[in-house]
Amino acid sequence: MAITLTYIMTIAANAMVITVVSFDSHLHTPMYFFLVNLAIIELLYTTAITPNTLANLLNEDKRISFVGCFAQMFTFYILVGSECILLGIMAYDRYVAICQPLLYTAIMNRSVCFYMIIICWTIGFITSVVNTVLTATLPYCHDRLIRHYFCELPSLLKMSCKKTYINQLVVYFFGGGVLVGSFVLTLISYIFVIRAVIKIPSASGKKKTFSTCSSHLLVVCIFFGTGILNYLRPSSKSFYNHMFSLVYAVVTPLINPLLYSFRNKDVQRALRNILYH
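Residues numbered from 1 in each chain as written. Predicted model: local features only at pLDDT ≥ 70, side-chain atom pairs only at ≥ 80, totals over all residues. Heavy atoms only, no water.

Colleague: How should the overall build of the protein be read in this particular structure?
Modeller: Looking only at helices and strands, the protein has ten helices and zero strands in total. When the helices and strands of the protein are listed from N to C terminus, the series reads α-α-α-α-α-α-α-α-α-α. Sorting the 277 residues of the protein into buried and exposed places 45% on the buried side. (Helix = DSSP H or I, 4+ residues; strand = E, 2+ residues; numbered from the N terminus. Buried < 20%, exposed > 50% of the residue type's maximum accessible area, 1.4 Å probe, protein only.)

Colleague: How do you make sense of a nonpolar patch on the surface when you look at a structure like this?
Modeller: Together, Val180, Phe183, Val184, Leu187, Ile188, Ile191 and Phe192 make up an exposed nonpolar region whose accessible area comes to about 550 Å². Secondary-structure assignment places Val184 in helix α7 (residues 165-198). (Patch = residues over 30% accessible without salt bridge, like charges linked within 9 Å, V, L, I, M, F, W, Y side chains within 5 Å. Areas by Shrake-Rupley, 256 points an atom, 1.4 Å probe, with all protein chains shown as cover. Salt bridge = Lys/Arg side-chain N within 4 Å of Asp/Glu carboxyl O.)

Colleague: Where do I start with the state of the cysteines in this structure?
Modeller: Here a disulfide denotes one covalent bond, and it connects the sulfur atoms of two cysteines. Enumeration over the complete set of coordinates arrives at one disulfide. Disulfide pairing is shown between Cys69 and Cys151; the S-S distance is 2.1 Å. The sign of the S-S torsion, about -125°, decides the handedness of the disulfide formed by Cys69 and Cys151: left-handed. Of this pair, Cys69 sits in helix α3 (residues 66-99) while Cys151 sits in the loop between α5 (110-136) and α6 (153-159), and the two are 82 residues apart along the sequence. For the pair formed by Cys69 and Cys151, the shared burial category is buried. No disulfide involves Cys84; its sulfur sits 9.9 Å from that of Cys120, the nearest cysteine. Under the relative-accessibility criterion, Cys84 is labelled buried at 3%. (Disulfide = S-S within 2.5 Å.)

Colleague: Help me understand the nonpolar core in this model?
Modeller: Note on soluble globular proteins: their nonpolar side chains tend to be buried together. By size, the foremost hydrophobic cluster in this structure holds 63 residues, and its most contacted members are Phe34, Leu86, Leu87, Met90 and Leu156. With sequence-adjacent residues up to four places away left out, Leu156 is seen in contact with Cys69, Phe70, Met73, Thr135, Tyr140, Ile146 and Cys151. (Core = buried A, V, L, I, M, F, W, Y, C linked by side-chain atoms within 4.5 Å. Contact = heavy atoms within 4.5 Å.)

Colleague: It is not clear to me how the environment of Ala91 should be interpreted in this structure. Could you clarify?
Modeller: Mapped onto the elements, Ala91 comes out in helix α3. For Ala91 and Thr186, which are 95 residues apart along the polypeptide, the C-alpha to C-alpha distance reads 5.2 Å. With near-sequence residues (within four places) excluded, Ala91 lies in contact with Thr186, Ser189, Tyr190 and His216.

Colleague: Explain the packing of helix α2 (residues 30-58) against α3 here, please?
Modeller: Working note: a packed helix pair is described by the angle between its axes plus the distance between those axes. In the contact formed by α2 and α3, the axes pass within 10 Å of each other and the chain directions differ by 155°. Taken as axis vectors, α2 and α3 run roughly antiparallel relative to one another. Note on packing geometry: the crossing formed by α2 with α3 is left-handed. Looking at the contact of α2 with α3, its residues break down into 15 nonpolar, five polar and four charged. (Axes fitted to C-alpha atoms, helices over the stretch in contact; angles between N-to-C directions. Parallel < 35°, antiparallel > 145°, perpendicular 65-115°, else oblique. Left-handed = near helix turned anticlockwise from the far one by under 90°. Nonpolar A, V, L, I, M, F, W, Y, C, P; charged D, E, K, R; others polar.)

Colleague: Hey, could you run me through the UniProt feature "transmembrane region" (unreviewed entry) in the protein in this one?
Modeller: As recorded in UniProt, the sites labelled "transmembrane region" (unreviewed entry) are residues 6-24, 31-50, 70-92, 112-134, 169-198, 210-231 and 243-262. For the annotated span residues 6-24, helix accounts for 95% and strand for 0% of the residues, and the straight-line distance between the end C-alpha atoms is 27 Å. Helix makes up 100% of residues 169-198 and strand 0%. Its end C-alpha atoms lie 41 Å apart. (UniProt positions renumbered as here; feature names shortened; annotations may be inferred.)

Colleague: Explanation requested: the pattern of salt bridges in the structure shown.
Modeller: Opposite charge on two side chains permits pairing when their charged atoms draw close. With the rule as written, the count across this model stands at one salt bridge. As a salt-bridge pair, Arg94 and Asp93 come within 2.9 Å of each other at their nearest N and O atoms. Grouping residues by exposure puts Arg94 and Asp93 together as buried.

Colleague: How should I be thinking about the side chain of Asn14 in this particular structure?
Modeller: One can find Asn14 in helix α1 (residues 2-23). On the accessibility criterion, Asn14 (2% relative accessible area) is buried. One polar contact links the side chain of Asn14 to the main-chain carbonyl oxygen of Thr10, over a distance of 2.9 Å. For Asn14, the side chain forms a polar contact with the main-chain oxygen of Pro253, separated by 3.0 Å. Sequence-distant contacts of Asn14, defined by excluding residues within four places in its chain, comprise Ala39, Glu42, Leu43, Pro253 and Pro257. (Polar contact = N/O pair within 3.5 Å; in protein donor to acceptor, adjacent residues only side chain to side chain.)

See the structure below:
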């Protein structure tokens, strides 16, 4: 019941973000362009996992086909990889807006934003293809019981009767490169942002400027923290893997629109205009 309610709220919240930004011309800025793309990613990848999880909870037959399993995995890793890069780009957008305000419209023009989104999806696609193909070609000669609620890479590797060193190296190289690279970009961006905020003379100015970044920082900490713990640490009890996966696959897609958008006064104003006109 809790997962069903969370899924419904996630779909409604992210769909509302997309609708509000699309219909209000005042929100047609780089920051909201990235937020719409984030909402699309959240909608797609929670849908790739949650309905099948709910079906498994309700039905006695919990089987999934080989093709279906790897289609789910392929879709999931495209979207997770894209989100990693997008969160880093959003941090860079905040850096330009706060540290280079006079050059913001020139640096973050429409073409640049479009190419950034293309880069997000391209990196996510390449990472997903490599991991999915390598994992799908492994021999699975033991019991084919996936000890997880969806087809995630670590759980599938444990089922193989062949050594998976190459696969694990690919996870560290591609997955770690995307995850850590985006995290480092975010960290560097916010070092400069914090330096700029400290130089603001008034306390109210500091609070207003940093409040635009606090939501992003919280989401980054949750998403990257659980991702790093799940993929880039030595293997441990599956219970913790399941909990970390649950956070970034089910909980984060609901938290993002609530933190990013519905706390934002511009979004609140746009939502009121849509509802009352």
